[in-house]
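Notes for the structure review
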Amino acid sequence: DKPQEYLNEVVRKKKCRKGLSKPESWERNISKMKRMAGEKYKGLKLVDGKYRLVNNIEERKLKQRCSCKWSDNKTNTLGCSKIGEPEREAAFQYFWKSLDWSARKSYVNSLVEIKNVNRRRKSSEISGSTKRNKTCLYYLVINHIRIHVCKKMFLNTLGIGERSVRSWILKS
């Protein structure tokens, strides 16, 4: 519904040969709306020098939880083990069913915190310009509480890719 409204606002009605054009009924726009909603859609592929809608892309799904060593009861650095499957499913459903595309971007930006690297170790081989300067901390909101989780748990719970998160953070 939300991508449909967005599409109607952006595209103006133009006269075509047989009356008014209907961009919301075009196959490429339908595929785009389904992609933005996390549903199954057809992706573009280069065929004979032209892009065609031929790739069947599956819908977004909740992926496996992490098995990181930092979330066990001994170290307790991350809260990955504190989050159960029903809470993960609720977070996934909220992200893909309740939010539109721009709200998803701002939601991810609010859950990822960027900070400077805490401690540097001396290394004679690596020059200072190649070193990483920033660190990302990932959080999930469960029952109105922000819980610090690992990157894999964050990405798998929301069903998004690393490149999407990185580009959304850099553009904000």
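Residues numbered from 1 in each chain as written. Predicted model: local features only at pLDDT ≥ 70, side-chain atom pairs only at ≥ 80, totals over all residues. Heavy atoms only, no water.

Turning our eyes to something else, we now look at the overall build of the protein chain. When helices and strands are tallied, the protein chain shows 6 helices and 7 strands. In sequence order, the secondary structure elements of the protein chain are arranged as α-β-β-α-β-β-α-α-β-β-β-α-α. Out of the 172 residues in the protein chain, the part that is buried amounts to 30%. Considering only contacts in the protein chain between residues 6 or more positions apart, those separated by 24 or more positions represent 45%. Of the accessible surface of the protein chain, which amounts to about 12700 Å², a share of 49% is contributed by carbon and sulfur atoms. (Helix = DSSP H or I, 4+ residues; strand = E, 2+ residues; numbered from the N terminus. Buried < 20%, exposed > 50% of the residue type's maximum accessible area, 1.4 Å probe, protein only. Contact = heavy atoms within 4.5 Å. Areas by Shrake-Rupley, 256 points an atom, 1.4 Å probe, with all protein chains shown as cover.)

Turning our eyes to something else, we now look at the confidence of the model for the protein chain. Taken over all residues, the pLDDT of the protein chain has a mean of 83, while the share at 70 or more is 80%. Looking at the elements of the protein chain, mean pLDDT is at its lowest for helix H1 (residues 2-10), recorded as 57, and at its highest for helix H5 (residues 151-158), recorded as 94. (pLDDT = per-residue confidence, 0-100.)

Turning next to the sheet that holds strand S7 (residues 145-149). Judged by pairing direction, the sheet is antiparallel, and its 3 strands sit side by side in the order S5-S6-S7 without closing on themselves. Looking at which strands have only one partner, the edges of the open sheet turn out to be strand S5 (112-116) and S7. Along the sheet, successive strands turn relative to each other by an average axial angle of 35 degrees, direction set aside. Note that strand S6 (residues 134-142) and S7 share 5 bridges and pair antiparallel. (Pairing = 2+ DSSP bridges. Axes fitted to C-alpha atoms, helices over the stretch in contact; angles between N-to-C directions.)

A few words now on a nonpolar patch on the surface. Together, Leu44, Leu46 and Tyr51 make up an exposed nonpolar region whose accessible area comes to about 320 Å². Mapped onto the secondary structure, Leu46 falls in strand S3 (residues 41-47). (Patch = residues over 30% accessible without salt bridge, like charges linked within 9 Å, V, L, I, M, F, W, Y side chains within 5 Å. Salt bridge = Lys/Arg side-chain N within 4 Å of Asp/Glu carboxyl O.)

A few words on the nonpolar core. Counting 29 residues, the largest nonpolar core has Phe95, Val108, Val149, Phe154, Ile160 and Val165 as the members making the most contacts within it. For Phe95, the contacting residues outside a window of four places in its chain are Arg104, Tyr107, Val108, Leu158, Ile160 and Trp168. (Core = buried A, V, L, I, M, F, W, Y, C linked by side-chain atoms within 4.5 Å.)

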